[in-house]
Amino acid sequence: MVRAAAARLHHAPVLAVPGGLPVLADGRVVAGLGVGGAEPRCCLKLAHAALGP
């Protein structure tokens, strides 16, 4: 799985599963927002709603 391989490149623990989004400021990633639940697609929709347009 590509996501798992990418997660191993980072020094901190990373859980590479659907339901998370980058938080951008001035075109730069400044944080990440993850929503964990039973249905990954639902979690992704919640993350989008939380970040707004």
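Before any of the text, the structure's been laid out above.
Summarised in this report is the structure supplied together with it. If you're wondering where the values come from, they're calculated on a predicted model, not measured in any experiment.

### Side note on the overall build of the chain
(1) Moving on: Helices and strands together make up the secondary structure of the chain, namely two helices and two strands.
(2) Moving on: Mapped in sequence order, the helices and strands of the chain form the string α-β-β-α.
(3) Moving on: Taking all 53 residues of the chain together, 9% fall into the buried category.
(4) Moving on: Once local pairs closer than 6 in sequence are excluded, the contacts in the chain between residues at least 24 apart make up 21%.
(5) Moving on: Summing over all exposed atoms, the chain offers an accessible surface of approximately 4,400 Å²; the carbon and sulfur share of this is 64%.

### Overview of the pairing of strand β2 (residues 28–34)
(1) Moving on: With zero of seven residues buried, β2 lies mostly on the surface of the structure.
(2) Moving on: Relative to β2, strand β1 (residues 20–25) runs antiparallel, the two being bridged by six bridges. When the sheet's bridge partners are listed, alanine 25 is paired in β2 with arginine 28.

### Notes on helix α2 (residues 40–51)
(1) Moving on: Its twelve residues give α2 an end-to-end C-alpha distance of 17 Å, which sits within 8% of 16 Å, the value for a rise of 1.5 Å per residue.
(2) Moving on: Among the residues trailing α2, glycine 52 stands out with phi positive, at a value near 75°.

### Details of the environment of glycine 36
(1) Moving on: Its place among the elements puts glycine 36 in the loop between β2 and α2.
(2) Moving on: Since its relative accessible area comes to 77%, glycine 36 is described here as exposed.
(3) Moving on: Here the alpha-carbon distance between glycine 36 and proline 18, two residues 18 residues apart in the chain, equals 8.8 Å.

### Quick word on the state of the cysteines
(1) Moving on: Taken as a whole and judged by the stated rule, the model has zero disulfides.
(2) Moving on: Free cysteine cysteine 42: the closest other cysteine sulfur is in cysteine 43, separated by 5.8 Å.

Calculation notes
- Residues numbered from 1 in each chain as written.
- Predicted model: local features only at pLDDT ≥ 70, side-chain atom pairs only at ≥ 80, totals over all residues.
- Heavy atoms only, no water.
- Helix = DSSP H or I, 4+ residues; strand = E, 2+ residues; numbered from the N terminus.
- Buried < 20%, exposed > 50% of the residue type's maximum accessible area, 1.4 Å probe, protein only.
- Contact = heavy atoms within 4.5 Å.
- Areas by Shrake-Rupley, 256 points an atom, 1.4 Å probe, with all protein chains shown as cover.
- Pairing = 2+ DSSP bridges.
- Expected span 1.5 Å × (residues − 1).
- Disulfide = S-S within 2.5 Å.

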